[in-house]
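# Remarks on the overall topology
Below are the chains, spelled out letter by letter.
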Amino acid sequence: MKKFGLLLAGGVATIVLLSTIGPMLGLIVSAVLLYFIYKKFLKTESTGWKIGLAIIGGIVLIASLHNIPAIIGVAAAYVLYLVYKKWNNSKEIYEKEESDPFINFEKQWNELKR
């Protein structure tokens with residue numbers, strides 16, 4: 001039953017992640033553009049060029065705000081990671097006790113000696 005829940009959560013997270021790939025790419029591109037515009041803005045001496053870069057940066061910032069669903073995609077990727085991690089850790093290991101009386105005697109004798 002636990003595996004079914006993990007499979008269901010992983011499936012939903014995968015669908016959400018695949019549906020938000022476009023906004024995620026758009027957010028990455030706009031963030032890179034904003035970074036380069038900011039760096040160029042700091043290096044520029046001309047006031048007119050600074051105003052132009054500020055306007056361009058504002059337009060790119062508004063464009064990046066339209067890619068807010070990318071945050072949902074990042075959350076879905078994190079849920080998918082957690083499901084993968086839980087799926088691999090859910091294997092239970094059972095240690096079989098020896099039923100041979102001599103082995104049990106030796107183990108108990110060693111515990112008493114300590």
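Our structure's up above, just so we're on the same page.
Residues numbered from 1 in each chain as written. Predicted model: local features only at pLDDT ≥ 70, side-chain atom pairs only at ≥ 80, totals over all residues. Heavy atoms only, no water.

## Observations regarding the overall build of the chain
Applicable threshold: Comment: elements are numbered from the N terminus, with helices defined as DSSP H or I runs of at least four residues and strands as E runs of at least two. Think of it in three bands: with a 1.4 Å probe and only protein chains considered, a residue is buried below 20% of the maximum accessible area for its type, exposed above 50%, and partly exposed in between. In this analysis, two residues are considered to be in contact whenever any of their non-hydrogen atoms come within 4.5 Å of each other. In this description, accessible areas are obtained by the Shrake-Rupley approach with a 1.4 Å probe, and a residue is regarded as covered only by the protein chains that are shown.
For the chain, the count of helices and strands is five helices and zero strands. Along the chain, helices (α) and strands (β) appear in the sequence α-α-α-α-α when read from the amino end. Taking all 114 residues of the chain together, the buried fraction comes to 16%. Intrachain contacts of the chain at a sequence separation of at least 6 include 70% that bridge at least 24 residues. Accessible surface, the chain as shown: approximately 9500 Å² in total, 71% of it carbon and sulfur.

## Thoughts on the side chain of T44
The test is simple: Pairing of N or O atoms within 3.5 Å defines a polar contact, subject to two protein rules: one partner must be a possible hydrogen donor and the other a possible acceptor, and residues neighboring in sequence count only if both atoms are side-chain atoms.
With respect to the helices and strands, the residue T44 is situated in the loop between α2 (21-43) and α3 (47-65). Among the polar contacts listed, one links the side chain of T44 to the backbone oxygen of K40, at a separation of 2.6 Å. Within the structure, the side chain of T44 is placed 3.5 Å from the side chain of W49, a separation counted as a polar contact. In this view, T44 contacts W49, K50 and L53; residues no more than four positions away in its chain are not counted.

## Looking at helix α1 (residues 2-19)
To be explicit about the condition: A helix is expected to span 1.5 Å for every residue after the first. Think of the arc as the fan of directions from the helix axis to the C-beta atoms.
With 18 residues, α1 extends 26 Å between its outermost C-alpha atoms, agreeing within 8% with the 26 Å of an ideal straight helix rising 1.5 Å per residue. What α1 keeps buried is the set L6, G10, A13 and L17. Buried residues along α1 cover an arc of 70° about the axis, so they all sit on one side. Among the exposed residues of α1, those oriented more than 90 degrees off its buried face are F4, L7, L8, I15, L18 and S19. In the core, the buried residues of α1 are packed alongside α2 and α4 (69-89).

## A word on the packing of aromatic side chains
Each aromatic ring pair is summarised here by two numbers: the centre-to-centre distance and the angle between the ring planes. To be explicit about the condition: Pairing of aromatic rings covers Phe, Tyr and Trp, the last counted by its six-membered ring, and requires centre-to-centre distances within 6.5 Å; plane angles under 30 degrees mean stacked, over 60 mean edge-to-face, and any other angle means tilted. Distance and angle both matter: a charge sits over a ring if NZ of Lys or CZ of Arg is within 6 Å of the ring centre and within 35 degrees of the ring normal.
A full pass over the atoms with the stated rule returns two aromatic pairs. An angle of 65° between the planes, with centres 5.5 Å apart, marks the rings of Y35 and F36 as edge-to-face. Judged by its relative accessible area of 53%, F36 is exposed. Cation over ring: K3 sits above W87, and NZ or CZ is 4.3 Å from the ring centre. Its guanidinium or amino end placed over the ring of F41, K50 lies 5.2 Å from that ring's centre, counting from NZ or CZ.

Shape is all these values report; function is a separate question.
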